[in-house]
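One-letter residues, chain by chain:
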Amino acid sequence: MDSYTVDLRGKVAVVTGSGRGLGLAYACALARAGASVVVNDVDAEAAERAVKTITGAGGRAVAEVAAVGTGEAADRLVARAVEEFGRLDAMVTNAGILRDRVLWKMTDEDFDAVVTTHLRGTFTCARAAAVRLREQGEGGSLILVGSPAGQRGNFGQTNYAAAKAGIAAMVRTWSMELARAGITVNAIVPVAATAMTETIPAFAPYIEAMKEGQPLPDFLRKGEGFGTADDCAALVPFLASRFAREVTGQCVGIGGDRLALWSHPREAAVAYADGGWTPQTIAAAWHTSVGSAPETVGIPAPKIPGA
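Heads up: these notes are all about the structure in this document. Quick caveat: nothing in here was measured; it's all calculated off a predicted structure.

Secondary structure summary: the protein chain contains 11 helices and 8 strands in total. What you see for the protein chain is a C-alpha radius of gyration of 21 Å, in line with the 19 Å of a compact globule of 307 residues. Each principal axis of the C-alpha atoms in the protein chain carries an extent, and together these give about 65 × 50 × 45 Å. Within the protein chain, buried positions represent 47% of all 307 residues. Look at the contacts in the protein chain between residues 6 or more apart in sequence, and 69% of them connect residues 24 or more apart. Looking at the protein chain as shown, the accessible area adds up to about 15,900 Å², and 55% of this sits on carbon and sulfur atoms. Averaging the locations of the 29 positively and 32 negatively charged side chains of the protein chain gives two centres separated by 3 Å.

This part takes up the sheet that holds strand E8 (residues 258–261). The strand order E3-E2-E1-E4-E5-E6-E7-E8 describes an open sheet built from 8 strands, whose pairing is mixed. Strands at the two margins of the open sheet, each flanked by one partner only, are strand E3 (60–65) and E8. Ignoring strand direction, the axes of neighbouring strands in this sheet form an average angle of 20°. Taken strand by strand, helix H2 (residues 44–56) contacts strand E2 (36–41) and E3, and its axis lies near 175° from that of E3. Packed onto the sheet, helix H3 (residues 71–85) meets strand E1 (12–15), E2, E3 and strand E4 (90–93) and runs at close to 150° relative to E3.

This next bit is on empty space enclosed by the protein. Taken as a whole, this structure holds 1 cavity of 30 Å³ or more when the rule is applied. Volume-wise, the largest cavity comes out at about 40 Å³. Residue composition of the lining of the largest cavity, by class: 7 nonpolar, no polar and 2 charged.

Turning our attention to the pairing of E3. As defined by bridge partners, E2 adjoins E3 across 6 bridges and the pair is classed as parallel. Of the residues in E3, the one forming a bridge with Val39 is Ala63. With respect to chirality, the unit in which E2 leads through H2 into the neighbouring parallel E3 is right-handed.

Attention now moves to the nonpolar core. Ranked by internal contacts, the top residues of the largest apolar core, which has 37 residues, are Tyr26, Leu30, Val37, Val39, Val92 and Ile188. When residues of this core are assigned to their parent elements, the largest contribution, 8 residues, is made by helix H1 (residues 21–32). Excluding residues that lie within four positions of it along the chain, Ile188 makes contacts with Tyr26, Ile143, Leu144, Val145, Gly146, Leu235, Val236, Leu239 and Val252. Ala95, Ala126, Val171 and Trp174 belong to the second largest nonpolar core, which has 32 residues in total.

Here the second largest pocket defines a volume of roughly 480 Å³. Taken together, 16 residues make up the lining of the second largest pocket; nearest its centre are Gln151, Arg152, Ser263, Pro265 and Glu295. Listed by contribution, the elements that provide at least two residues to the lining of the second largest pocket are helix H5 (148–152) and helix H6 (158–177). When grouped by side-chain class, the residues that make up the lining of the second largest pocket number 6 nonpolar, 5 polar and 5 charged.

Here Lys164 lies in helix H6. For Lys164, a relative accessible area of 3% puts it in the buried group. A sequence separation of 46 residues divides Lys164 from His118, and the C-alpha atoms of the two residues are 7.3 Å apart. Not counting residues up to four positions away in its chain, the partners in contact with Lys164 are His118, Val145, Gly146, Ser147 and Gly150.

Next up on the list: helix H4 (residues 108–136). Because an α-helix packs 3.6 residues into every turn, residues spaced three or four apart end up facing the same way. Its 29 residues place the ends of H4 40 Å apart at the C-alpha level, agreeing with the 42 Å of an ideal helix rising 1.5 Å per residue. Along H4, the sharpest change in direction is near 40° and occurs at Thr116. The positive-phi residue at the C-terminal boundary of H4 is Gly137, with phi of around 70°.

The next thing to look at is the side chain of Thr124. Position of Thr124 relative to the elements: it lies in helix H4. According to the relative accessible area criterion, Thr124 is buried, its value standing at 1%. Among the polar contacts made by the side chain of Thr124, one reaches the main-chain carbonyl oxygen of Gly121 at a distance of 3.3 Å. Once residues within four sequence positions are removed from consideration, Thr124 is found in contact with Gly69, Thr70, Gly71 and Ala74.

Glancing now at the packing of H3 against H4. Axis separation between H3 and H4 bottoms out at 8 Å; the angle between their running directions is 40°. In terms of orientation, H3 lies oblique with respect to H4. Viewed along their axes, H3 and H4 form a crossing whose handedness is right-handed. Facing Gly71, Ala74, Asp75, Leu77, Val78 and Val82 of H3, the residues of H4 in contact are Thr124, Cys125, Arg127, Ala128, Ala129 and Arg132. Class assignment for the residues of the contact of H3 with H4 results in 7 nonpolar, 2 polar and 3 charged.

So, how was this worked out
Residues numbered from 1 in each chain as written. Predicted model: local features only at pLDDT ≥ 70, side-chain atom pairs only at ≥ 80, totals over all residues. Heavy atoms only, no water. Helix = DSSP H or I, 4+ residues; strand = E, 2+ residues; numbered from the N terminus. Rg over C-alpha atoms; globule rule 2.2 N^0.38 Å. Buried < 20%, exposed > 50% of the residue type's maximum accessible area, 1.4 Å probe, protein only. Contact = heavy atoms within 4.5 Å. Areas by Shrake-Rupley, 256 points an atom, 1.4 Å probe, with all protein chains shown as cover. Lys, Arg positive; Asp, Glu negative; His and termini not counted. Charge placed at Lys NZ, Arg CZ, Asp CG, Glu CD. Pairing = 2+ DSSP bridges. Axes fitted to C-alpha atoms, helices over the stretch in contact; angles between N-to-C directions. 1 Å grid on protein atoms, 1.4 Å probe; cavity = no way out; pocket = protein on both sides within 12 Å on 5 of 7 lines; lining within 4 Å. Points joined across faces, edges and corners; volume = space filled by probe spheres on them. Nonpolar A, V, L, I, M, F, W, Y, C, P; charged D, E, K, R; others polar. Right-handed = clockwise from strand over helix to strand, strands pointing away. Core = buried A, V, L, I, M, F, W, Y, C linked by side-chain atoms within 4.5 Å. Expected span 1.5 Å × (residues − 1). Bend = angle between axes of the 7 residues up to and from the residue. Polar contact = N/O pair within 3.5 Å; in protein donor to acceptor, adjacent residues only side chain to side chain. Parallel < 35°, antiparallel > 145°, perpendicular 65-115°, else oblique. Left-handed = near helix turned anticlockwise from the far one by under 90°.

Structure (structure tokens):
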């Protein structure tokens, strides 16, 4: 074991939405590092398959079937960790759903369902975990799952982008509130081949080739930071480990061969007017001062060679 080996033996983690996809990859990565894992999913069969995958590889895991969003569900997840393994050390809030619509077609139900699962589910699970971690008095980790959509916006994803942006804001807030208790709070911003990204036309042929055993090309793995779910999973055990005790309040991107730190929002340009601004002076100054280089919006289109 070298000096940088991530060893989570004796640690316990809950991973929401971990029956398949990225969540399963996170749970497996934690188990490989030695952590005991509470697998959570709304699909009981998927949750049990995930547990068998982990235990079959020599890890320790149990399933807790629940739809995140309510305080009751969050309390159940934390209680299951304590009942089965005696403690809690990390909460990974991965559970999520999509209900994509443009603004004028998005229903109240579309909006509420996504915000309840992603944003409220993150809040309730993080709160339940924080209560337990503070009672234990030994620190711990909240690892929240963000998205490029929450950092930059994405067409047709009002509900999802808003929830993920809220998660980034909660990271910053909770990192301050929980610092004295030694609890770190960070977001991971993963980019991977999943059921959602398979629908992106530019990526589709490369994902199909990957399924047939071909490696993803460098322009995707490096240029776009796009890879497999397992490529993203390494960040989770790191953030739950002793090596990340001083890492908090950050949004960290990972995908393919790329690891990145996202900036927090900051003033990009500033102008001043003696005595304050009027609508007229703003109009006169806008294009030659703060508005001369407006910020971009949306996730940049992938750069496909030869396209």
